[in-house]
Amino acid sequence: MFAAESRPSRWRHAGRLWAIGGAVALFAALGAYRPIDDPDLYWHLKVGESILEHRAVPRVDEFSFTFAGRPVPLVDWASEAMMATLHAHFGEAGLFTLAALLAAATMLLTALRMRAEGIPLLVAPATAFLLLVYDVTSFRIAPRPQTFLWVCLGLLMWLFERAETRRELRPLWGVPLLVLVWSNLHGSSFVAVVFAAALALGYLVSLRGRWRATIAPRWRSLLLLAAATVAACFVVPNPLGRFQVAVDTMVSRYTTSVLSEWQPPAPSVWLGPAGVLLVATALSFALDRRRLKPPELAVSAVAIWLGFRHVRFLPILALVVGPIAYRHLAAVLSSRISRDQGWKRIVPALDGCLAVTLLAGFALGSLGLDSKSAWLGGTGRPRAELVGSAYPVGATRFLARERPQGNMYNTFHFGGYLMYHLGPAVKVFIDGRTANLYDDAHMRDVMEIRRIWPRVFARWNIQYAITQHGEVDESLAADPHWSLVFFDDAALVFVRNDGPNAELARRLAYRELLPPFATAPENDPVRMERLEAEAQRGVAESPASALAHILRGRVRGLHHDLAGFEGDMNAAIRLDPSRPEPWQRLGLLALGRHQPAEAVRDLGRALELEPLQADLRLSLARAHWAAGDQVAARETLRPLAVGGRTLDELVASVAHEPMAQPRAPSN
């Protein structure tokens, strides 16, 4: 084994460890300040507000009409009350700051667990492992109760590893207290019991017949410790219910279909940081197999199994396995370096330079260039804001103003936001509480709503609906019993014409501007006038909606108002540059104006956003040809040279295509 380190060496290594841990913790904290689109955030806040208002944990549901009065088995009451308090005093900034602190604490605990007695710290490998752990974990760091899980898990592993290092039970007496706090912060405290059991089993295996000398004198303390840990899981509201929720969620076919976080990771995930971490773990375990302890194998196996089973458990895999793998790799590298005098002189400087390069590159790529990549943990320039398109902000304001009556259907991902802003006066159809409240039959209806919406709406007597684009909007628009009364980029609101909202339908219904927003009555002056008025109204009601500007731009183009057309399309691009349509329409206009450079720029951007559209590719090829770049035109057309037409025929058709007149592209 390794010789004991001197005191100055220990202090130096500890300082380096805290330095790299602090750097990665800073990345994690800054990474928490990212635009969020978590649909569960707002229902957690609403439950927290209810706890603070009534000074009691909710026992039954009061926010949905579909399951009103049904017992709610799981409430993360401590974290939800904390989040609601921060939100009440500091708004969204308080929630982002909480997530940042939890993220930083998670990384610092991970760095602390990388220190091993008698093994010199290798700064570059430690930095690489820490960054990999952060890359895998960062996507689940958000203002939500689950983020407390990562800190609690790190503390649990640290307590067990500290007890192993010191060869004493004293650190383990902190486990029951930790589990007690964990249980009331988040319903995942069963994870603590699973890992504690795996570690205990590993320790028993490692004794190899020495259990009488090791366990027998302490059996009462160990039994009391195990009982206290298990009991701590039950010192919560409705303790049996939370375990039932965990089981139901993991085995429910419909919950795992609706929620991607409960699905197994896609194969592409293992081609990223998670896969590299697994390969590095396997390599370190293989190289240092003689020093590999059964408890480490046991917890690593459990963590890897959980990571392969559900996307949301990938951080557990990284946080448990990462430090263990680093310690074994460091042991192997240090042992080999210590035998080579030449390497002993070179490695310290090389190690430090490589670590600084890793941290500087990560900082430049994530914060300097604002690159969104799994290899950079999704970190970007800090932005404490919401993703507007993920929440029905405008539609919720419309509902609060107009107050439609009767039962409401809502898209699954809108439920939490509606519950927070309109509940409990307005009851939701569905929200993110899934197996905690809604049964499989209801989740099946949510999954199949596009096909069975008439039956579901009739069963629940739905009088108005707030839906996302592409869900049931086109079906409702084609049904004479329903009227569109509001739309923006995120949501649409429909009401029944023949129910309690008949007056609202008569007053605010769109008659011409309807999903799929693709046609215009060019040969009907009366309908055209109505269409123009509705397009103006759409922009007036939702001035921040790119779709509203696109639709008004189309109408202005039909009236040959090129200036208005350009203005609306440019406004749509400013509001949402990810929509291909305004880029395409401006590119076609530039092509008609004989401005090939502008046409290539705009059509090229549109093709990046929608690479499978053949007409768009043909238009871009024409723009390249008009700009005199025949090679680019030919390469643009190459993917279309399948089936009956050869590449030369496609190029010839583009070369002989007459230039269009300068007019706005029609519908």
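Residues numbered from 1 in each chain as written. Predicted model: local features only at pLDDT ≥ 70, side-chain atom pairs only at ≥ 80, totals over all residues. Heavy atoms only, no water.

Student: I'm lost on the overall build of the chain in this one. Help?
Tutor: In terms of regular secondary structure, the chain is built from 31 helices and four strands. The principal-axis extents of the C-alpha atoms in the chain amount to approximately 95 × 65 × 45 Å. Here the chain holds 667 residues, and the buried ones make up 53% of them. Summing over all exposed atoms, the chain offers an accessible surface of approximately 30000 Å²; the carbon and sulfur share of this is 60%. (Helix = DSSP H or I, 4+ residues; strand = E, 2+ residues; numbered from the N terminus. Buried < 20%, exposed > 50% of the residue type's maximum accessible area, 1.4 Å probe, protein only. Areas by Shrake-Rupley, 256 points an atom, 1.4 Å probe, with all protein chains shown as cover.)

Student: Can you help me understand the pattern of salt bridges in this one?
Tutor: Oppositely charged side chains can pair when the atoms bearing their charge come close. Summed over all chains, the structure comprises 29 salt bridges. Salt-bridge contacts for K293 lead to E164; the nearest nitrogen and oxygen are separated by 3.5 Å. Of this pair, K293 sits in the loop between α13 (273-287) and α14 (294-309) while E164 sits in helix α6 (residues 147-166), placing them 129 residues apart in sequence. We classify K293 as partly exposed; its relative accessible area is 35%. Between R601 and D602 there is a salt bridge; the shortest N-O distance is 3.0 Å. (Salt bridge = Lys/Arg side-chain N within 4 Å of Asp/Glu carboxyl O.)

Student: I would appreciate a short explanation of helix α17 (residues 393-402) in the present structure.
Tutor: Spacing of three or four residues puts side chains on the same side of an α-helix, whose turn is 3.6 residues. Listed as buried for α17 are G394, A395, T396, F398 and L399. Lining the buried residues of α17 we find β1 (407-410), α18 (415-422), β2 (462-467), β3 (482-487), β4 (492-496) and α23 (502-508). Where α17 ends, the next residue or the one after it, R403, has phi of about 50 degrees, a positive value. (Contact = heavy atoms within 4.5 Å.)

Student: Please explain the environment of G567 as it appears in this structure.
Tutor: Tracing the backbone through its elements, the reader meets G567 in helix α26 (residues 562-575). Measuring from C-alpha to C-alpha, the distance between G567 and A32 comes to 36 Å, with 535 residues separating the pair along the chain.

Student: Is there a simple way to explain the packing of aromatic side chains in this structure?
Tutor: Aromatic rings considered in pairs are described by the distance between their centres and by the relative angle of their planes. Under the criterion given, the structure shown has 21 aromatic pairs. An angle of 40 degrees between the planes, with centres 5.4 Å apart, marks the rings of F487 and F517 as tilted. Of this pair, F487 sits in strand β3 while F517 sits in the loop between α23 and α24 (525-541), placing them 30 residues apart in sequence. Considered together, F487 and F517 belong to a single accessibility category, that of buried residues. Cluster of aromatic residues (ring-pair linked, three or more members): F65, Y409, F429, W453, F457, W460 and W482. For K46, the ring lying beneath its charged end belongs to Y420, and the centroid distance is 5.9 Å. (Phe/Tyr/Trp six-rings, centres within 6.5 Å; stacked < 30°, edge-to-face > 60°. Lys NZ or Arg CZ within 6 Å of the ring centre and 35° of its normal.)

Student: What's the story with helix α20 (residues 440-447) in this structure? I'm lost.
Tutor: Buried within α20 we find H442, M443, D445 and V446. What you see down the axis of α20 is that its buried residues fit within an arc of 155 degrees, all on one side. (Arc of directions from axis to C-beta.)

Student: Any chance you could explain the packing of helix α3 (residues 77-90) against helix α4 (residues 92-112) here in plain terms?
Tutor: Two measures define how a pair of helices packs: the angle their axes make with one another and the distance between the axes. Packing of α3 against α4 leaves a shortest axis separation of 6 Å and a crossing angle of 135 degrees. Relative to α4, the element α3 is oriented oblique. Side by side, α3 and α4 meet where M82, M83, L86, H87 and F90 of the first sit next to E92, A93, G94, L95 and L98 of the second. Split by residue class, the contact of α3 with α4 holds seven nonpolar, two polar and one charged. (Axes fitted to C-alpha atoms, helices over the stretch in contact; angles between N-to-C directions. Parallel < 35°, antiparallel > 145°, perpendicular 65-115°, else oblique. Nonpolar A, V, L, I, M, F, W, Y, C, P; charged D, E, K, R; others polar.)

Student: Just to check I follow, could you spell out unusual backbone geometry for this structure?
Tutor: Across the chain, the bulk of peptide bonds are trans and the bulk of non-glycine residues have phi less than zero. Cis peptide bonds are those with omega within 30 degrees of zero, and the linkage from G423 to P424 qualifies with -5 degrees. Within the secondary structure, P424 sits in the loop between α18 and α19 (434-437). Although it is not a glycine, R403 adopts a positive phi angle of roughly 50 degrees. Following the sequence through the fold, R403 ends up in the loop between α17 and β1.

Student: Got a minute to help me understand the pairing of β3 in this structure?
Tutor: Taken residue by residue, a regular strand's side chains alternate between the two faces of the sheet. Among the six residues in β3, six count as buried, and that is most of the element. Pairing of β3 with β4, which is carried by five bridges, proceeds in the antiparallel orientation. Across the sheet, residue S483 finds its bridge partner in β4, namely V495. Taking the residues between adjacent antiparallel strands as the criterion, β3 and β4 are bridged by four residues. (Pairing = 2+ DSSP bridges.)

Student: What should I look at first to understand the pairing of β2 in this one?
Tutor: In terms of residue burial, β2 counts as a mostly covered element, since six of its six residues are buried. Examined bridge by bridge, β2 and β4 share four bridges and lie antiparallel to one another. Among the inter-strand pairings, T467 is bridged to a residue of β4, identified as L492.

Student: Quick question: what am I supposed to make of the environment of E635 here?
Tutor: Tracing the sequence through the fold places E635 in helix α30 (residues 630-637). As a C-alpha pair, E635 and A621 span 14 residues in sequence and 8.3 Å in three-dimensional space. Only 2.9 Å separates the side chain of E635 from the side chain of R638, close enough to count as a polar contact. (Polar contact = N/O pair within 3.5 Å; in protein donor to acceptor, adjacent residues only side chain to side chain.)

Student: I keep staring at the environment of F67 and nothing clicks. Help me out?
Tutor: For F67, the location among the structural elements is in the loop between α2 (41-54) and α3. Apart from the residues within four sequence positions on either side, F67 is in contact with D61, L437, Y438, D439 and H442.

Student: Any chance you could explain the confidence of the model for the chain here in plain terms?
Tutor: When pLDDT is low, close inspection of the predicted coordinates is not appropriate. Taken as a whole, the chain shows an average pLDDT of 88; of its residues, 91% reach a score of 70 or greater. In this model, residues 1-7 is a region of pLDDT below 50 whose contacts with residues beyond four sequence positions or in other chains number 14 contacts. (pLDDT = per-residue confidence, 0-100.)

Student: Could you clarify how one ought to interpret the nonpolar core in this entry?
Tutor: Soluble globular proteins tend to bury their nonpolar side chains together. Formed by 172 residues in total, the largest nonpolar core has its most connected members in F195, I316 and F487. Considering each element in turn, this core owes the most residues, 13 residues, to helix α15 (residues 314-338). With residues near it in sequence (within four places) discarded, F195 still touches L153, L156, V299, V302, A303, L306, I316 and V320. Listed in part, the 19 residues of the second largest apolar core include I550, L589, A606 and A623. (Core = buried A, V, L, I, M, F, W, Y, C linked by side-chain atoms within 4.5 Å.)

Student: Honestly, the sheet that holds β4 in this entry has me stumped. Any pointers?
Tutor: What links the strands of a sheet is backbone hydrogen bonding, and the strands pair in either a parallel or an antiparallel sense. Judged by pairing direction, the sheet is mixed, and its four strands sit side by side in the order β1-β2-β4-β3 without closing on themselves. This sheet does not close on itself; its edge strands, each paired only once, are β1 and β3. Within this sheet the neighbouring strands show an average axis-to-axis angle of 20 degrees, counted without direction.

Student: Looking at this structure, how should I read a nonpolar patch on the surface?
Tutor: On the surface, V230, F234 and L240 cluster together to form a nonpolar patch covering roughly 280 Å² of accessible area. Positionally, L240 belongs in helix α11 (residues 239-251). (Patch = residues over 30% accessible without salt bridge, like charges linked within 9 Å, V, L, I, M, F, W, Y side chains within 5 Å.)

Student: Just to check I follow, could you spell out the packing of α6 against helix α7 (residues 174-185) for this structure?
Tutor: Where α6 meets α7, the closest approach of the two axes is 10 Å, and the angle between their N-to-C directions is 170 degrees. By the angle between their axes, α6 is roughly antiparallel relative to α7. Counting all contacts with α6, which are made through F148, L149, C152, L153, L155, L156, L159 and F160, the residues of α7 involved are G174, V175, L178, W182 and L185. Considered class by class, the residues forming the contact of α6 with α7 number twelve nonpolar, one polar and no charged.

Student: Honestly, the state of the cysteines in this entry has me stumped. Any pointers?
Tutor: Working definition: the covalent bond between the sulfur atoms of two cysteines is a disulfide. Taken as a whole and judged by the stated rule, the model has zero disulfides. Free of any disulfide, C152 has its nearest neighbouring cysteine sulfur in C233, separated by 11 Å. (Disulfide = S-S within 2.5 Å.)

Student: Can you help me understand the side chain of D431 in this one?
Tutor: Position of D431 relative to the elements: it lies in the loop between α18 and α19. Side-chain polar atoms of D431 contact the side chain of R433, separated by 2.8 Å. Of the polar contacts made by the side chain of D431, one reaches the side chain of Y438; its length is 2.6 Å. Once you skip the residues sitting within four places of it in the chain, D431 turns out to touch W43, F412, G415, G416, M419 and Y438.

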